Amino acid sequence: MNRIKCYFTLALAVTFWCSAFVVSKIALDDLPPITLCTCRFLIAFCVLYPFVRNRGFRLGLLFRRQSFLFGISGTGSNLVLLTIGLTACSAGMSSIAHGLFPVFMVFFGYIMLKERMNRFKWVSVIFSLIGVAVACAGNVDLEGTKAWGVGLVILSVFTWAFYSVFVKKHSAELSGWILTEVTFGTAFLACLPLAIIECIYVGNVSFPEPMSWVSILYLSIFSSIIGIGLWNIGVKEVSPAVSGVYFNLTPAIGLAIAVIAGEGCSWMQVVGCALIVIGVLAGSKGDMLEAAEEQKNQKQD
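Since we're looking at a predicted model, the values are computed, not measured. The numbering scheme is per chain: residues are counted from 1 as the chain's sequence reads. At least 70 in pLDDT is required for a residue's local features to be given in this predicted model, at least 80 for side-chain atom pairs to be given and counted, and no such filter applies to totals for whole chains, interfaces and linings, which use all residues. With hydrogens and water excluded, all non-hydrogen atoms of the structure serve as input to the side-chain values.

Asks: Sorry if this is basic, but what is going on with the packing of helix H4 (residues 65–86) against helix H9 (residues 176–202) here?
Replies: For any two helices packed against each other, the geometry comes down to the angle between their axes and how far apart the axes lie. Only the contacting stretch of a helix is used when fitting its axis, a line to C-alpha atoms as for every element, and angles between N-to-C directions run 0 to 180 degrees. Only runs of H or I of at least four residues qualify as helices and only runs of E of at least two qualify as strands under DSSP, and these elements are numbered from the N terminus. In contact at an axis separation of 7 Å, H4 and H9 are set at 70° when each is read in the N-to-C sense. Relative to H9, the element H4 lies roughly perpendicular. Of H9, the residues touching H4 (which contributes Ser67, Phe68, Phe70, Gly71, Ile72, Thr75, Gly76 and Val80) are Leu179, Val182, Thr183, Phe184, Thr186, Ala187, Leu189, Ala190 and Cys191. Here the nonpolar group is Ala, Val, Leu, Ile, Met, Phe, Trp, Tyr, Cys and Pro; Asp, Glu, Lys and Arg are the charged ones; every other residue, Gly included, is treated as polar. For the contact of H4 with H9, the residue count by class is eleven nonpolar, six polar and no charged. Angular relationships are summarised with four words: roughly parallel below 35 degrees, roughly antiparallel beyond 145, roughly perpendicular across 65 to 115, and oblique for the angles in between. Whether two residues touch is decided by their heavy atoms; if any such pair falls within 4.5 Å, the residues are in contact.

Asks: Explanation requested: the packing of helix H1 (residues 3–17) against helix H11 (residues 240–247) in the structure shown.
Replies: One way to put it is that H1 packs onto H11 with a least axis distance of 9 Å and a crossing angle of 35°. The way H1 lies across H11 gives a crossing that is right-handed. Residues Tyr7, Leu10, Ala11, Val14 and Trp17 of H1 lie in contact with H11, whose contacting residues are Val242, Ser243, Tyr246 and Phe247. Partitioned by chemical class, the residues of the contact of H1 with H11 number eight nonpolar, one polar and no charged. The handedness criterion is simple: a crossing whose near helix is rotated anticlockwise from the far helix by less than a right angle is left-handed, and one whose near helix is rotated clockwise is right-handed.

Asks: Sorry, what's going on with H4 here?
Replies: Counting along an α-helix, one turn takes 3.6 residues, and residues three or four places apart therefore face a common direction. In this model H4 runs 30 Å from its N-terminal to its C-terminal C-alpha over 22 residues, within 8% of the 32 Å that 1.5 Å per residue would give. Think of it in three bands: residues with accessible area under 20% of the maximum for their type are buried, residues over 50% are exposed, and the middle band is partly exposed, with areas taken using a 1.4 Å probe on protein chains only. The element H4 is extensively covered by neighbouring structure, given that 16 of its 22 residues are classed as buried. Multiplying one less than the number of residues by 1.5 Å gives the expected span of a helix.

Asks: Just checking my understanding: could you explain the nonpolar core for this structure?
Replies: Nonpolar side chains in soluble globular proteins generally cluster together in the buried interior. The criterion is simple. A nonpolar core is a set of buried Ala, Val, Leu, Ile, Met, Phe, Trp, Tyr and Cys residues joined through side-chain atoms within 4.5 Å. One finds Trp231 and Leu249 to be the most contacted residues of the largest nonpolar core, which totals 63 residues. For this core, the element with the highest residue contribution is H9, accounting for eight residues. Among all residues touching Trp231, those that are not within four sequence positions of it are Leu10, Ala13, Val14, Trp17, Phe101, Trp160, Ser164, Ser243 and Phe247. The next biggest cluster of nonpolar side chains, apart from the first, holds nine residues, and it includes Val23, Leu36, Ile216 and Leu219.

Asks: Before we go on, may I ask you to explain the packing of aromatic side chains in this structure?
Replies: Describing an aromatic ring pair means giving the distance of the ring centres and the angle of the ring planes. For Phe, Tyr and Trp, where Trp contributes only its six-membered ring, two rings pair if their centres lie within 6.5 Å, and the inter-plane angle classes them as stacked under 30 degrees, edge-to-face over 60, or tilted in between. Within the structure shown, the criterion is met by 19 aromatic pairs. Note on Phe162 and Phe166: the rings are 5.5 Å apart at their centroids and 15° apart in plane angle, and the pair reads as stacked. Placement of both Phe162 and Phe166 in helix H8 (residues 147–170) is noted, with a separation of four residues, approximately one turn of the helix. We classify Phe166 as buried; its relative accessible area is 10%. Whether a charge sits over a ring depends on NZ of Lys or CZ of Arg being within 6 Å of the ring centre and within 35 degrees of the ring normal. Positioned above the aromatic ring of Tyr110, the side-chain terminus of Lys114 is 5.3 Å from the ring centre.

Below, the structure written as C-alpha cells:
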C-alpha cells in the first residue's frame, strides 16, 4: 500500500475513535461494561461476516492459538479495560492517558521488531506527548475520576500497543479485514463467560433504551468495524513509532470537530494540537525516509 494511503488510513481510524469515549458513557447507563463490550463484539462480527466470508475467512480461524492472542491481547482486553476504566475516569483524563501510546509503541517496536529510531521519529514522539498534555491540560474534568479508573485506561493503552506491534509481526498471512473479523470473534468467545458472570453479579440488567441501542450500534459499526479495520490495515505497513504518533491525533481531530460544530476552543488546545500535528508530520517524514532507504538497499542487493 502507498505510504500516503497508510497515513490517511490511520488518521481515519482515529477519527472514528474520537467520539467513542462519549458514546460509551451513554451506553454504560444501561449495560455493565463487560456486557457492553461483548455486545459490541457480537454485532461487529455478524455485520462484518458477509463481507469477509468470500475473501477467505473461515470460522476455523477463530480456534487457532494465535487468533486468540490477537483477540485477547488486542480488541478484547483493550475495550474491556477501557470500558471499565471509563466508569471511573473522565474523557479528558482518558485522552491524556492515551497520549502514552507512542511510548508503548516504541517500547514494543524495539522489543519485538528491533525497530530503529531516527531523529524524526524521536521528534515526533516527543512533540506528540507534549501536544496531548498541553491540549488536554486546560480541559480536564476530575469529577468522578479515580486512580484505579485511570490505571485501567493506561493498561488498555498498553495492551493495544502490544497488539498493534504483535499483529505487524505475526499476521502477514491475514488481510486487514479478515484479521479484524478474527479479533472480534475470539474477543466475543473470551468475554461471553465474563459477561454472563457480570450479569448474574450485577442483577436486574434492564433492556437498553433506544438511545443506548443507537450508541451500541455506533460503537459496533463505526468505532469497531471501520475504526479497528482501518487501523489493522495501516499498522501492518507503518513503523510502530509512527502509527503510535497518529493515534495521538485524537485531541486534534476532536478539537476540529468541536470548532466545526460551533464550539469555542482555548489557546492551549490550539497550541497542543499544533504540536501533535508537527509530531505527526515529523514521524511521517522519518518513516518515508526509512522506507526509501530500505528500497535502495533492496535494489543494491
